[in-house]
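# Secondary and tertiary structure notes
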Amino acid sequence: MKPYVPSCALLLLIAYLGVQALTGERGLLSGGERDAMLLRREAQLASILEQRQDLEVRVRYLRTDSLSRDLLEERARAVLGFADPRDYVIRVSAPADQGVNRHKS
């Protein structure tokens, strides 16, 4: 039995590596999952780039050489939580039975 032990160990190692090559995270059969993840990440990147462009425009208007008074006032109100006396403020309260299920089985 001793001469077969290294051969069996080598056979098990080859079988393990073969299974991983087919079904592992980077295996041959997981190409569809990688493609789907790539599409999700590209959409996420596009969204982040759009947000970055929006923030760059806002920062450009908040610089001292091209200060936008309206944007500065909007940001100050949002940060401080103030409202102009001429503004209409609508308060929305959460429903009282928000955590309770209406339909119980």
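These notes cover the structure that comes with them.

Rules and cut-offs
- Residues numbered from 1 in each chain as written.
- Predicted model: local features only at pLDDT ≥ 70, side-chain atom pairs only at ≥ 80, totals over all residues.
- Heavy atoms only, no water.
- Helix = DSSP H or I, 4+ residues; strand = E, 2+ residues; numbered from the N terminus.
- Buried < 20%, exposed > 50% of the residue type's maximum accessible area, 1.4 Å probe, protein only.
- Areas by Shrake-Rupley, 256 points an atom, 1.4 Å probe, with all protein chains shown as cover.
- Salt bridge = Lys/Arg side-chain N within 4 Å of Asp/Glu carboxyl O.
- Axes fitted to C-alpha atoms, helices over the stretch in contact; angles between N-to-C directions.
- Parallel < 35°, antiparallel > 145°, perpendicular 65-115°, else oblique.
- Contact = heavy atoms within 4.5 Å.
- Nonpolar A, V, L, I, M, F, W, Y, C, P; charged D, E, K, R; others polar.
- Polar contact = N/O pair within 3.5 Å; in protein donor to acceptor, adjacent residues only side chain to side chain.
- Expected span 1.5 Å × (residues − 1).

## Let's talk about the overall build of the protein
Within the protein, the secondary structure is distributed over three helices and zero strands. Ordered by position from the N terminus, the helices and strands of the protein form the series α-α-α. By residue count, 6% of the 105 residues in the protein fall in the buried class. Of the accessible surface of the protein, which amounts to about 10,500 Å², a share of 59% is contributed by carbon and sulfur atoms.

## Overview of the pattern of salt bridges
Applying the stated criterion to the full structure yields four salt bridges. Arg52 serves as the salt-bridge partner of Glu56, at 3.0 Å between the closest nitrogen and oxygen. With a gap of four residues between them, Glu56 and Arg52 both fall in helix α2 (residues 31-62), about one helical turn apart. For Arg77, the salt bridge goes to Glu73, with nearest N and O atoms at 2.6 Å. With Arg77 and Glu73 both in helix α3 (residues 69-80) and four residues apart, this pair spans about one turn of that helix. Accessibility expressed as a relative area gives 22% for Arg77, which makes it partly exposed. A cluster of three or more residues bridged by salt bridges with shared partners is formed by Asp54, Arg58 and Glu74.

## Focus on the packing of α2 against α3
For the pair α2 and α3, the least separation of the axes is 9 Å and the interaxial angle reads 110°. Overall, the two elements α2 and α3 adopt an arrangement that is roughly perpendicular. Packed against α2, whose contacting residues are Arg58, Tyr61 and Leu62, the element α3 presents Leu71, Leu72, Glu74 and Arg75 at the interface. Its residues assigned to classes, the contact of α2 with α3 shows four nonpolar, no polar and three charged.

## Description of the side chain of Ser30
Along the chain, the position of Ser30 falls in the loop between α1 (5-23) and α2. At 3.1 Å, the side chain of Ser30 and the backbone oxygen of Gly27 are in polar contact. Those residues within four positions of Ser30 in sequence are excluded, and the remaining contacts are Gly24 and Glu25.

## Re α3
Compared with the 16 Å implied by 1.5 Å per residue over 12 residues, the 16 Å span of α3 between its first and last C-alpha is a close match. Of the residues flanking the end of α3, it is Gly81, one or two places downstream, whose phi is positive at about 80°.

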